[in-house]
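Structural features, examined
As a plain string of letters, each chain reads:
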Amino acid sequence: MSRIDESKKFIPVRIAVLTVSDTRTLPEDRSGQTLVDRIQAAGHLVADRKILPDERAQISEQLRVWIADPEIDAVISTGGTGLTGRDVTVEAHRDVYEKEIDAFGTVFTILSLQKIGTSAVQSRATGGVAGGTYLFALPGSPGACKDAWDGILLKQFDYRHRPCNFVEIMPRLDEHLRRK
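In what follows, the accompanying structure is described.

Reading guide: rules and limits
Residues numbered from 1 in each chain as written. Predicted model: local features only at pLDDT ≥ 70, side-chain atom pairs only at ≥ 80, totals over all residues. Heavy atoms only, no water. Helix = DSSP H or I, 4+ residues; strand = E, 2+ residues; numbered from the N terminus. Rg over C-alpha atoms; globule rule 2.2 N^0.38 Å. Contact = heavy atoms within 4.5 Å. Areas by Shrake-Rupley, 256 points an atom, 1.4 Å probe, with all protein chains shown as cover. Lys, Arg positive; Asp, Glu negative; His and termini not counted. Charge placed at Lys NZ, Arg CZ, Asp CG, Glu CD. Pairing = 2+ DSSP bridges. Right-handed = clockwise from strand over helix to strand, strands pointing away. Salt bridge = Lys/Arg side-chain N within 4 Å of Asp/Glu carboxyl O. Buried < 20%, exposed > 50% of the residue type's maximum accessible area, 1.4 Å probe, protein only.

A word on the overall build of the protein. Of the regular secondary structure elements, the protein holds 7 helices and 8 strands. The C-alpha radius of gyration computed for the protein amounts to 16 Å, which stays within 12% of the reference 16 Å derived for 180 residues, consistent with globular compactness. Seen through its principal axes, the protein has C-alpha atoms that stretch 45 × 40 × 30 Å. Long-range pairs, those at least 24 residues apart, make up 76% of the contacts in the protein with a sequence separation of at least 6. Split by element, the accessible area of the protein, about 9100 Å² in all, is 53% carbon and sulfur. For the protein, the separation between the mean place of its 24 positive charges and that of its 25 negative charges on side chains is 5 Å.

Shown next as structure tokens:
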């Protein structure tokens with residue numbers, strides 16, 4: 001079963017936070033702030049934080065910038081995962097993914113189902129990897145950010161989490177780019 005191995009040393013992860021919204025400003029960004037607070041409380045580092053409008057090209061370009069930055073291990077975005085015409089965050093993420101983490105969306109839906117019932121079907125939360133960087137797209141509500149962090153990412157970004165976690169495989173995420 002899932003557990004923390006106290007004999008292992010905690011390794012902080014450098015995480016960028018992106019809020020996707022046509023209307024929010026930094027002081028009004030409760031979802032992004034929810035992520036920042038939880039990331040820091042867990043002992044990780046907020047490597048960067050931005051707010052961008054619901055524009056697919058801008059979102060995917062920012063993801064590419066962070067993927068290329070060796071000081072960023074992961075990116076978590078919030079907002080733009082719904083079903084309306086302006087919700088393009090999932091598509092922007094998929095524009096850059098090398099591999100999708102299919103089970104992330106599934107596990108997030110299971111967690112959401114317990115909290116908001118069948119309304120969980122309206123979320124398109126997703127996760128993937130590109131250039132050795134983890135990428136996650138979460139819905140734009142503080143509750144969804146809490147659920148994803150507390151229920152999934154907190155443990156997966158903890159090197160001490162057993163039986164496995166994202167941190168222990170980070171050095172091998174881009175090994176295919178090093179092969180000859």
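Right, picking up where we left off after that structure.
Here we come to the pairing of strand β3 (residues 45-52). The pairing of strand β2 (residues 14-20) with β3 spans 7 bridges and is classified as parallel. Bridged to Thr 19 within β3 is Ile 51. Read from β2 through helix α1 (residues 30-41) to β3, the crossover connection turns out right-handed.

Applying the stated criterion across every chain, the model contains 15 salt bridges. The shortest N-O distance in the salt bridge between Arg 24 and Asp 29 comes to 3.9 Å. When its relative accessible area of 28% is taken as the criterion, Arg 24 is described as partly exposed. Among the residues examined, Asp 29 registers a relative accessible area of 2% and is labelled buried. Two residues, Arg 162 and Glu 168, come together in a salt bridge whose shortest N-O distance is 3.4 Å. Of the residues examined, Arg 162 reaches a relative accessible area of 12% and is grouped as buried. On the basis of relative accessibility, which here comes to 27%, the residue Glu 168 falls in the partly exposed class. Salt bridges here are not isolated pairs; linked through shared partners, they connect Glu 6, Asp 158 and Arg 160.

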